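# Structure at a glance
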Amino acid sequence: MRMKALLLTLAVLAGGAQAETLTVKDSSSLEAALLKARSDKRIRRIELASGRYALAAPIVIDETLSGTAQQPFVLAAAPGAQPVLSGATPLPALRWERWKDGLWRARFTGASFQRLWLGQHALVRARYPNFDQAAPGFGGAADATSPERVARWRDPQGAVLHALHGYGWGGLQVPILGKTADGSLDYGPQLANNRVMPPSDKDRWVDNVLEELDAPGEWFHDGQQGWLYFKPLAGERPPARGFRAGTLEALVRIEGRAADVQHVHLRGLQFSDTEPTFLKATEPLLRSDWKFYRVGAVTVENARDVRVDSSEFTGLGGHAVVVSGRAQRVAVSSNHIHDIGGTAIAFVGRPEAVRSPLFEYHERLEVAAIDRTPGPKSDAYPKDSEASDNLIHDIGQIDRQATGVQIAMAARISVDHNSIYRMPRAGINIGDGTWGGHRITHNDVFDTVRLTGDHGSFNSWGRDRFWHPDRAEMDRRAAAHPELALLDAVEPIVMRRNRWRCDRGWDVDLDDGASNYVIEENLMLAGGLKLREGFQRIVRNNILINGSFHPHVWFDNGGDVFESNLVMGAHQPVEIRRWGRSVNRNFFANEADLRKTQAHGVDADSVAGDPRFAAPASGDYTVTNAALAERVGFVNFPMDDFGVRPARLKALALRPAFPVPQQLSQAAPLQAAQQLHGLSLKPVETLGEQSAAGLGDKAGLIVLSVEAGSPGEAAGFKPRDVIVGSGQQAIKDMVTLQALLATGRRVELTVVRNQSRMSLQWPRAAAASANP
């Protein structure tokens, strides 16, 4: 042991025993200190001096290092110190030789890696198109995998296709296994995204291809031949030393082995330089849109009473903090998490805790097969834990299926006073209804859904054991067994006093099946509120600036409530037959929107008028029109208590742009339905219709109804089908469809039903004899 680097201090424990603090100065002495602490229970605290600690293996804190409520085991920065725990290790001296085209290479036969640094400068693995930090958007190209480009690649085994989802539902990666006999790419399974569909045909790029090494600062490691290739930043010979390669996925693992680890505290540390983990994101998180790898820079499982606070997570290839499986009273607070590859904070239970679990959107159970016992099956899930006062921004830089705070298969998680912005998808995401009880309060979430679509600053799904992908079957279940919806969502999820802004979707998006929510006193600044089908959602006393209410495809007996809210546009319903338990007593900013909404048979006691906001330019949307507010029961709430509170983080945190309240532009009236061969059809025209149908864009013809005995029924059409094409031809309007069916030839139509594509054959006889 290198005990010279260990400094010993003493403190008096309760009862007169002496507690010891060890101060360490390098990775070797840190390892020695941990070993000593396992055998000497007087050591309750290890402090790290300033410096970079290149870890050879993750720090493991198991039950042998458990503390007590009075004296937790603490791993912390020494007073005034700034230690960095790094998952990258220096490469040995490299003997570079010129190769060709301005490239250099050196022999390196060590383990493969995904990230490389020269000093503190992160280098780029060879890719097409080249990385351009100044370019907006995803940075892809339509020809990234074109036959002409692929023909240039001798052996692309080990390359990776990075892409956005073809429908905009997040990101994905696809490993490239090599080439097939005809020279096309041989792909592995899609990773990270649980809604497997073709990737975007334009938002895509490929890396880890030698032939694409052409930009200064790019590199490629040929593990089979033992060469490291590099194009220098300034064209000169690369240095022999100073290169660091990623080696670790996790830096600290707080995990009980034979028993739970208890009372552990990490404080004041910086976590950096971990390897990306997207190639291991194969586990579906039930029927949500996510696949996940449950390892972060700090990973917690089989643990109780753990705190991770006042630390910085940056430059990570994967997730920052993952609380997995059985975990209780875990607090992640006052951290700065930014510029990382994956998700900031995730609370993710194990599927063995779930009754009647299903793992892909189209999986289903018959009603008789559903376990009727409410709640979890075991304790293998996080509960009674929190993410609070964290500053989270610029995450999901590699894995686009990422969020600020992720909750799945967990109970009673508090997400409070976080500032979250610059997100590829949602800022806060709840993947399922198991088992509720979460409190989402005082968060400031904005600049979200930057690269994707059909999502919100807050997003949730509820495809729990009761949920079925076939809408007709779901309607039958909702009518006969509404109690099934709360078998998993056993406690209400409360969202109170948050500030949300999403300019590419909804401020708050409760998607498929999300049930048992109380949403009150939230300030929504752009996209409004969407409630897709679900049960028992109470929405009251919220302010929707320049936004409106979007109810989509509700069940007849869902029991939803939308009352005492201030809205600045008419409600935007999609396929609503019955409007829940109550949609009434709301405050509209103008009379025309109120009248348009009342035409649906709701909001009989609502009012319209100028809210007279106090100071919109500074973010104060307090309603000063007290008379109208009182008539509908609207009560003002504080406008100055969103986001992080610690002074050091508050000084760094950005705030959203505060919109000027304005009357929403009146959209053109939607096109009336037209009749064709017994089908009542209308074009897809709004984002709501697109989202409700599960489409990638606003294109297609919605089947509103099907006449019994008609050619349309004979062809197999059902209400809610969307006709989107025929072969390579898109169908966006009635003229195109009429022309196809008038040819007299048999036509194969591409139809989206229950968010899956299928083909229907239009019979020759029906097409030839029917009169449009």
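### Section: the overall build of the chain
Broken down by element type, the chain carries 10 helices and 65 strands. Its C-alpha atoms give the chain a radius of gyration of 28 Å, within 12% of the compact-globule value 28 Å for 772 residues. When the backbone C-alpha atoms are referred to their principal axes, the chain occupies close to 90 × 65 × 55 Å. Buried positions account for 60% of the 772 residues belonging to the chain. Residue pairs at least 24 apart in sequence account for 67% of intrachain contacts in the chain once pairs closer than 6 positions are excluded. In the form shown here, the chain has an accessible surface area of approximately 29600 Å², with 50% of it arising from carbon and sulfur atoms. Across the chain, the mean location of the 88 positive side-chain charges is 3 Å away from that of the 88 negative side-chain charges.

### Quick notes on the side chain of Glu 533
Here Glu 533 shows up in the loop between strand S48 (529-531) and strand S49 (537-540). Filtering out sequence-adjacent residues up to four positions away, Glu 533 remains in contact with Trp 467, Arg 471, Asp 511, Asp 512, Gly 513, Ala 514, His 552, Val 553, Trp 554 and Phe 555.

### Considering the confidence of the model for the chain
Parts of the prediction with low pLDDT should not have their coordinates interpreted in detail. Averaged over all residues, the pLDDT of the chain equals 94, while 96% of them reach at least 70. Confidence drops under pLDDT 50 across residues 10-16; counting only partners more than four residues distant or on other chains, this segment forms 13 contacts. Under a pLDDT of 50 for its full length, residues 764-772 has, in the predicted model, 12 contacts with residues more than four places off or in other chains.

### Remarks on empty space enclosed by the protein
Overall, the coordinates contain four cavities of 30 Å³ or more when judged by the stated rule. If you add up the space inside the largest cavity, you get close to 90 Å³. Each residue belonging to the lining of the largest cavity can be placed in one class, and the counts come to two nonpolar, five polar and eight charged. Looking at the second largest cavity, its volume works out to about 70 Å³. Around the second largest cavity, the lining residues are Leu 286, Arg 287, Val 354, Arg 355, Ser 356, Pro 357, Leu 358, Thr 434, Arg 463, Asp 464, Arg 465 and Asp 488. Grouping the constituent residues of the lining of the second largest cavity by class yields four nonpolar, two polar and six charged.

### Here's the deal with the pairing of strand S23 (residues 261-267)
Within S23, five of the seven residues are buried, leaving the element largely enclosed by the surrounding structure. Relative to S23, strand S6 (residues 73-77) runs parallel, the two being bridged by four bridges. What sits directly across from Phe 73, in S23, is Val 264. Sheet topology places S23 next to strand S28 (residues 303-309); six bridges connect them, and they run parallel. From the neighbouring strand, His 265 faces S28, where its bridge partner is Arg 307.

Rules used throughout
Residues numbered from 1 in each chain as written. Predicted model: local features only at pLDDT ≥ 70, side-chain atom pairs only at ≥ 80, totals over all residues. Heavy atoms only, no water. Helix = DSSP H or I, 4+ residues; strand = E, 2+ residues; numbered from the N terminus. Rg over C-alpha atoms; globule rule 2.2 N^0.38 Å. Buried < 20%, exposed > 50% of the residue type's maximum accessible area, 1.4 Å probe, protein only. Contact = heavy atoms within 4.5 Å. Areas by Shrake-Rupley, 256 points an atom, 1.4 Å probe, with all protein chains shown as cover. Lys, Arg positive; Asp, Glu negative; His and termini not counted. Charge placed at Lys NZ, Arg CZ, Asp CG, Glu CD. pLDDT = per-residue confidence, 0-100. 1 Å grid on protein atoms, 1.4 Å probe; cavity = no way out; pocket = protein on both sides within 12 Å on 5 of 7 lines; lining within 4 Å. Points joined across faces, edges and corners; volume = space filled by probe spheres on them. Nonpolar A, V, L, I, M, F, W, Y, C, P; charged D, E, K, R; others polar. Pairing = 2+ DSSP bridges.

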